[in-house]
Amino acid sequence: MYEQASREQLRRMYAEAWRKRRSGDALEPLERQIAELVAEHPEYQPMLEGPDATLAAEFTPEGGRSNPFLHMGMHLAIREQAGTDRPTGFTEAYQRAVHKLGAHEAEHAIMECLGTALWEAQRGGRMPDEQAYLECVRRLA
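So, here's what we can say about the structure. (Residues numbered from 1 in each chain as written. Predicted model: local features only at pLDDT ≥ 70, side-chain atom pairs only at ≥ 80, totals over all residues. Heavy atoms only, no water.)

Overview of the pattern of salt bridges
When the charged atoms of two side chains lie near each other, side chains of opposite charge can form a pair. All told, the structure shown has eleven salt bridges when counted by the stated rule. One salt bridge in this structure joins E49 and R22, with 3.7 Å as the shortest N-O distance. Remark: R22 occurs in helix α1 (residues 7–23) and E49 occurs in helix α3 (residues 45–49); sequence separation between them is 27 residues. The partly exposed category is assigned to R22, whose relative accessible area is 45%. One salt bridge connects R79 with E107, and the closest N-O pair in it is separated by 2.9 Å. (Salt bridge = Lys/Arg side-chain N within 4 Å of Asp/Glu carboxyl O. Helix = DSSP H or I, 4+ residues; strand = E, 2+ residues; numbered from the N terminus. Buried < 20%, exposed > 50% of the residue type's maximum accessible area, 1.4 Å probe, protein only.)

Structural data, given as structure tokens:
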């Protein structure tokens with residue numbers, strides 16, 4: 001049976017991956033991906049270097065703070081989609097966006113498409129529309 005990790009466990013995983021990278025410890029494949037993302041986001045590094053307050057922090061739009069874990073998680077999801085070509089055609093659209101915008105900026109632009117697809121699915125009580133999402137990503141290039 002699959003056990004979902006709690007929010008605190010997921011946040012600790014980010015902090016631990018970053019700690020391991022900084023100390024030169026061996027990293028598991030997912031930890032390596034996370035540590036690379038943290039390296040690309042220096043604004044999140046201090047938060048992960050003293051994670052106790054971060055573990056319980058609420059990141060709400062009303063509080064004026066974006067959620068760094070959601071942000072980095074979306075990067076991971078997009079990279080996974082590019083690696084698996086899901087939805088079909090995503091890898092090509094991703095690569096075109098990367099060619100036009102650069103890797104990191106392309107992923108930030110794709111996040112807007114992904115966020116919209118997820119929000120519309122949640123609002124409508126249905127699965128995300130993969131084709132609408134893919135078309136949004138294609139328009140970036």
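Looking at the environment of L134
Structurally, L134 can be placed in helix α8 (residues 130–140). You can call L134 buried: its relative accessible area is 0%. Sequence separation between L134 and R86 is 48 residues, and the spatial gap between their C-alpha atoms is 9.3 Å. Leave out the neighbours within four places in its chain, and L134 touches P87, T88, G89, F90 and A93. (Contact = heavy atoms within 4.5 Å.)

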